[in-house]
Amino acid sequence: MAETVLSFVLDQISTLLREEGRLLGRLRQEVQFIRDELGHMRAFLREAEAKEEDAQPRLQEWIKQVREAAYDTEDILDEFVARFARHRATGFYGSVRRVFSSIKNLRARHRVANEIQSIKSRIKSISEGHQRYQSEYGIPAQASNSLSVVNNTTWRHSRDDALLVEEAKLVGIDQPKKHLISQLLEGDDYQLKVVSVVGMGGLGKTTLVKKVHEDPEVRRHFPVRAWVTVSQTCDFQDLLKDLIRQLHEGKKPVPQSIESMATTELKKFVKDYLQQAGRYAIVFDDVWDVEFWNTIKFVLPESSHGNCVMLTTRKADVASASCTESLGYIHRMEPLSFEDSWILFCNKIFKGNSCPGHLMDVAKVILGKCEGLPLAILAISGLLALKDVNRTEKWEMVRRSLRGELEGTGKLDRVKKILSLSYSDLPWHLKTCLLYTSIYPEDYEIGCERLINLWIAERFVEWREGMRIEDVAWDYLSELVNRSLIQVTRVYYEGIPQKCRIHDLLREVILLKSREQNMVTVTTGQPMMWPSEKVRRLVVQNSSSNNTQQRPSYCFDHLRSFVTVGSKNPLLSRMLLSKVSRSSKLLKILDLSRQNIEEEMPKEIFNLFHLKHINLWGTRVERVPKAIGKLQYLEYLNLGNTGVRKLPMEILKLQKLRCLRVYQQVDPSDDDYGFHGFKAPSNMGGLLALETLQFIDASSGSTIIKEIGKLTQLRKLYITKLRTEDGKEVCSSLANYTSLRELSVASIGEGDDHEIIDLNHHHPSLCSSSSFLQSLHMLILQGRLEKMPQWVAHLHSLVRIDLDWSRLRSEEDPLESLQHLPNLGEISFCGSYQGEGLCFKAAGFLKLKQLQLKRMEGLRWMRVEEGALPRLQKVFLEQLPLLEELPMGIQHLSQLQRLSLYEMSSQLREKLLENQKEESEDYTRIAHIPEILIGYYTDDRKWREHQLWEKKKKKKT
């Protein structure tokens, strides 16, 4: 999509003009001309690309020319900055160097000027084509934000098809249909009910709502009904007129006067009509933005009839907005289970008969690609229904060519168009971010933090006033999740996404669009056709073979990023890295996570002036050379899980460094024993841009603690090997932070042999609970505590606390300090308390959702008073050898979803395993918990997990 590329490059040119304008000198005017001309084309491109698939080859070629001109402009400007920006210097010797470099680079500046003039001429020529195609294809100069009429018509036909599906052919619809009908018919009759059905395209939202809307019981209950398809290209006046016609249908003639009414008059007409019409049910199908709901809601009177509105949408924010001010219910559409998917698949192909045995394996693989998406299942099964069931190779051919089928105009073209609609609705910056996920292989679980840091390094994330760039990037991810384009699979504390993935078929659409604009080039080291276009982003995926005879003949002169994802081929990665380092002067990203790299960082890296992002997590690197100081544009350095223990003084030259991670687990098999950190240079406080510092070794004393206190922009601070006598200095440094969200402090020692962490010091700022660490969301203290720091009880923003090896005495009950924290959602205690019992008091821990207690050898009993822990969902009890009874009052925890008991006392384990009768006291106390897991080692040290709840369900059956 050239419009996406163009928008991205325009943003980069604007940034260059703002930040590096002086460097350009006389060339500034030429660059401004290029920016303006590309800007004029962008509006036209948005409409032209909507028609690209149906356009003549000339228009397609023109679109490609625009994209390449935009890319080449970016290359030239980056080369310019790389050549001239590095020669800034001050003082006498700096002046001499500037004079010398200006003479030396005179020819280079002349060459850059010629290249910019060449680009300018190309863009003038392309601009003439812009004028010509504008009139030839009837595309307006000023594009709207909507899709073309062609795509909208296709979409409406697809929705009409969904409305005609026979209920007998549907699978997995009975339960959600009954549930939605009960939501409509039950409850308060004096308030407007709003039911929003939300989910990704193709899940069957329209089909489900139509069956609910047409149900005989619903029809009797709501005599006045209407169905309005909204879609992306909604004309509000036409929509209101359509609604009026439906409301009058079969009752009385539609007033002719509505044709000449203005929008305000139409809205009043609809509202007056509905107020007199009786009980109504109206469906707004395919709502794309909150603004539509904010406009239409004023047309819908509540009256006293128990009226109802239903919406279908792909966006979670639309669903939330529509249900906020009314009696609302949000139904999130889930994919079909494999069983229901199989029934639908076989019904379509084999007319209800079973699948032949020789097709079983390939059929399951193909069905797995659909991931429970009804639209995809129907489309793919329709394609397979035309194949000879006696010829397995025909089905295998379909399995291998699914991407090609999506690319063509056959049975799967509709799937592609419907999935593409969500992509097309995105603003350009989110399109770029979504396309970037094509770097990940199929079924890959994507690390969210790694992804957003790559977005930042790629310059996909726009700066917003008053916001840190990382927060903007998280907003981008949230928006893609909100639009049902990315699925969160695992969350961190506070619900922050930790892992995510892309639906397989949506990923295929993303791959097609990424390939169209030469965004990412993927290699696995296997023989393949190498692209003739310039490689801008090279990704090594899932390469496990050591065969590197197939050497790719890439041109790396324009390469921006080199990333490995799941690659296990060190020879291929090393060969490519060597070539990239020699020829890629524009490289910004080097992400070699988990690669088998030598003990010292490759020397070639330090000649890459533009490098902003280095990720060597999980490699064998042990030393960082002094040459690191050359990378003055570096913003992100991840040496996590490596052998690096010390950083050179030259690290202080990296004044743009935003994130620094250097650590290794003490015991890779057990998180409880903490991390080794790194020894920092004595002037560490000079890195004023740092926002993440993880983990810094404080064993050298108070000097380094004072330096940390100068890093006032920190949001994440992880300290290890703190000495007891430096606790006061730590408190003094912590008082300087206004934005710190995560704090981890570990004292010297290992396991339960840590020194005391003494953080009970009354620095003046600690006296005011309204200021000290009030932005802190996560606190980890690893080491002995004589008593809980007094300021912990005032951390009103705290969401998670971990206490490891604290060894608090029985008179220092840690629950006392924490029970009234208003936002505390997670607690993890490991070796934290030496008392015999813990009591969760009534009205305490009102927002706690997860509790973990581990390695507390003296703990004999637990009590939960009624009214305590009202929102607790998960409890993990591990290695508590003296705890012989389940927590007293566990029956009060009505929201508890999971109870996990790992390596508990043999008495408690045997009691639970043997005493599973429904009439037993233990059973009645825990019968409400959906999942109970008992994990333990057998006599031969083999690990065993026992699903107590599953066994009970089978016995009951």
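The model shown is predicted, which means the values in this text are computed figures rather than measured ones.

**Describing the overall build of the protein chain**
Scanning the protein chain from N- to C-terminus turns up 31 helices and 29 strands. Among the 957 residues that make up the protein chain, the fraction classed as buried is 55%. Considering only intrachain contacts with a sequence separation of at least 6, the fraction spanning at least 24 residues in the protein chain is 66%. By element, 47% of the accessible surface of the protein chain is carried by carbon and sulfur atoms, the whole surface being about 42,100 Å².

**So, the sheet that holds strand β8 (residues 497-501)**
The strand order across the open sheet built from 3 strands is β6-β8-β7, with neighbouring strands paired in antiparallel fashion. Pairing within the sheet leaves two strands with one partner each, and these edge strands are β6 (446-447) and β7 (487-491). As paired elements, β7 and β8 share 4 bridges and run antiparallel to each other. Directly across from V488, in β8, lies its bridge partner C500.

**Considerations on the side chain of R314**
Along the chain, R314 turns up in the loop between β4 (308-313) and α14 (316-324). D286 provides the closest opposite charge to the buried, unpaired R314, separated from it by 4.8 Å. Polar side-chain contacts of R314 include one of 2.3 Å to the side chain of S422.

**With respect to the pairing of strand β26 (residues 874-878)**
Most of β26 is tucked away: 4 of the 5 residues are buried. Of the pairings in the sheet, the one linking strand β24 (residues 850-854) to β26 comprises 5 bridges and is parallel in character. Among the inter-strand pairings, K854 is bridged to a residue of β26, identified as E878. Bridging between β26 and strand β27 (residues 898-902) involves 5 bridges; their strand directions are parallel. By the bridge assignment for β27, V875 is matched with L899.

**Focus: the packing of aromatic side chains**
The final tally for this structure, using the stated rule, is 16 aromatic pairs. Between F840 and F845 the ring centres are 5.6 Å apart and the planes differ by 65°, which places this aromatic pair in the edge-to-face class. Overall, F840 belongs to the buried group, its relative accessible area being 0%. The lysine or arginine in question, K210, covers the ring of W227, its NZ or CZ lying 4.9 Å from the ring centre.

**Notes on unusual backbone geometry**
Most peptide bonds adopt trans geometry, and most residues besides glycine take a negative phi value. A cis geometry characterises the amide bond from Q694 onward to F695, with omega recorded as -5°. Note that F695 resides in strand β17 (residues 692-697). Its identity as a non-glycine residue notwithstanding, D286 has a phi of 70°, on the positive side. Exposure remark for D286: the relative accessible area of 3% places this residue in the buried category. The phi angle at L869 is positive, at roughly 50°, despite the residue not being glycine. Structurally, L869 is set in the loop between β25 (861-864) and β26.

**Thoughts on the pattern of salt bridges**
Across all of its chains, the model carries 38 salt bridges by this definition. E857 serves as the salt-bridge partner of R807, at 3.5 Å between the closest nitrogen and oxygen. Here E857 lies in the loop between β24 and β25 and R807 lies in the loop between β21 (800-804) and α28 (814-818), a separation of 50 residues in the sequence. Residues R809 and E811 are paired through a salt bridge, measuring 2.9 Å at the closest nitrogen-oxygen approach. Taken together, the shared-partner salt bridges connect K210, E214, R219 and R225 into one network.

**Re helix α29 (residues 906-914)**
An α-helical turn contains 3.6 residues, so any two residues separated by three or four positions project in the same direction. Inspection of α29 places L908, R909, L912 and L913 among the buried residues, and these make up the whole buried set. Along the axis of α29, the buried residues cluster in a sector spanning 125°; they form a single face.

**Examining the confidence of the model for the protein chain**
Considering every residue of the protein chain, the mean pLDDT works out to 81; 82% of them sit at 70 or more. Predicted confidence is poor over residues 141-168, with pLDDT under 50, and the contacts of this stretch with residues over four places away or in other chains come to 50 contacts. Scored below 50 in pLDDT, residues 951-957 makes 8 contacts in the model with residues more than four places away or belonging to other chains.

**Comments concerning the environment of I926**
Following the sequence through the fold, I926 ends up in helix α30 (residues 921-926). The spatial distance from the C-alpha of I926 to the C-alpha of L886 is 9.2 Å, given a sequence separation of 40 residues.

**A closer look at the environment of E599**
Within the fold, E599 resides in the loop between β12 (589-591) and β13 (613-615). On the basis of relative accessible area, E599 is assigned to the partly exposed category, the value being 36%. With 23 residues separating them along the chain, E599 and E622 place their C-alpha atoms 4.9 Å apart. Ignoring any residue separated from it by four or fewer positions in sequence, one finds E599 in contact with R620, V621, E622 and R623.

**A few points about the side chain of E742**
As for its position among the elements, E742 is in strand β19 (residues 742-747). Buried charged residue E742 carries no salt bridge. Nearest counter-charge: K716, at 4.2 Å. Of the polar contacts made by the side chain of E742, one reaches the side chain of Y718; its length is 2.5 Å. The residues touching E742, leaving out its near neighbours within four places in the chain, are Y492, Y493, R715, K716, L717, Y718, L776 and M778.

**Things to note about the sheet that holds β4**
Across the sheet, 5 strands lie side by side as β2-β3-β4-β1-β5; this open sheet has parallel pairing. The open sheet has two edge strands with one neighbour each: β2 (224-229) and β5 (327-332). Adjacent strand axes in the sheet meet at a mean angle of 15° when their direction is disregarded. One ladder, built from 6 bridges, connects strand β1 (residues 193-198) with β4; its direction is parallel. Each residue of the ladder has a partner; that of V198, found in β4, is T313. The sheet contacts of helix α11 (residues 236-248) involve β2 and β3 (280-287), and relative to β2 the element is tilted by about 150°. Each of β1, β3, β4 and β5 touches α14; the most contacted strand, β1, lies at about 170° to it.

How each quantity is defined
- Numbers given to residues run from 1 along each chain, matching the order in which its sequence is written.
- Under the rules for a predicted model, residues below a pLDDT of 70 receive no local features and side-chain atom pairs below 80 are neither given nor counted, while totals for whole chains, interfaces and linings still include all residues.
- Excluded from the side-chain calculations are hydrogens and water; all other atoms, namely the structure's heavy atoms, are used.
- To qualify as a helix, a DSSP run of H or I must reach at least 4 residues; to qualify as a strand, a run of E must reach at least 2; elements of each kind are numbered from the N terminus.
- Per-residue accessibility, obtained with a 1.4 Å probe over protein chains only, is compared with the maximum for each type, and a residue is labelled buried under 20%, exposed over 50%, and partly exposed between these values.
- Throughout, a residue-residue contact means that at least one pair of heavy atoms, one from each residue, lies within 4.5 Å.
- Surface exposure here means Shrake-Rupley accessible area, sampled with a 1.4 Å probe, where a residue is shielded only by the protein chains that are shown.
- Here, strands pair whenever DSSP counts at least two bridges between them.
- For this count, His and the chain ends are skipped, Lys and Arg are scored as positive, and Asp and Glu as negative.
- Take a side-chain nitrogen of Lys or Arg and a carboxyl oxygen of Asp or Glu: if they are within 4 Å of each other, that pair is a salt bridge.
- Between N or O atoms, a polar contact is any pair within 3.5 Å; within protein, one atom must be a potential hydrogen donor and the other a potential acceptor, and residues adjacent in sequence are included only when both atoms are from side chains.
- Here the aromatic set is Phe, Tyr and Trp, taking the six-membered ring for Trp, and pairing holds for ring centres within 6.5 Å; pairs whose planes are under 30 degrees apart are stacked, those over 60 apart are edge-to-face, and all others are tilted.
- Two conditions define a charge sitting above a ring: the NZ of Lys or the CZ of Arg must be within 6 Å of the ring centre, and it must be within 35 degrees of the ring normal.
- By arc we mean the arc of the directions from the helix axis to the C-beta atoms, nothing more.
- How sure the predictor is of each residue is captured by pLDDT, a score from 0 to 100.
- Each axis is a line fitted through C-alpha atoms, taken for helices only over the stretch in contact, and angles between the N-to-C directions span 0 to 180 degrees.

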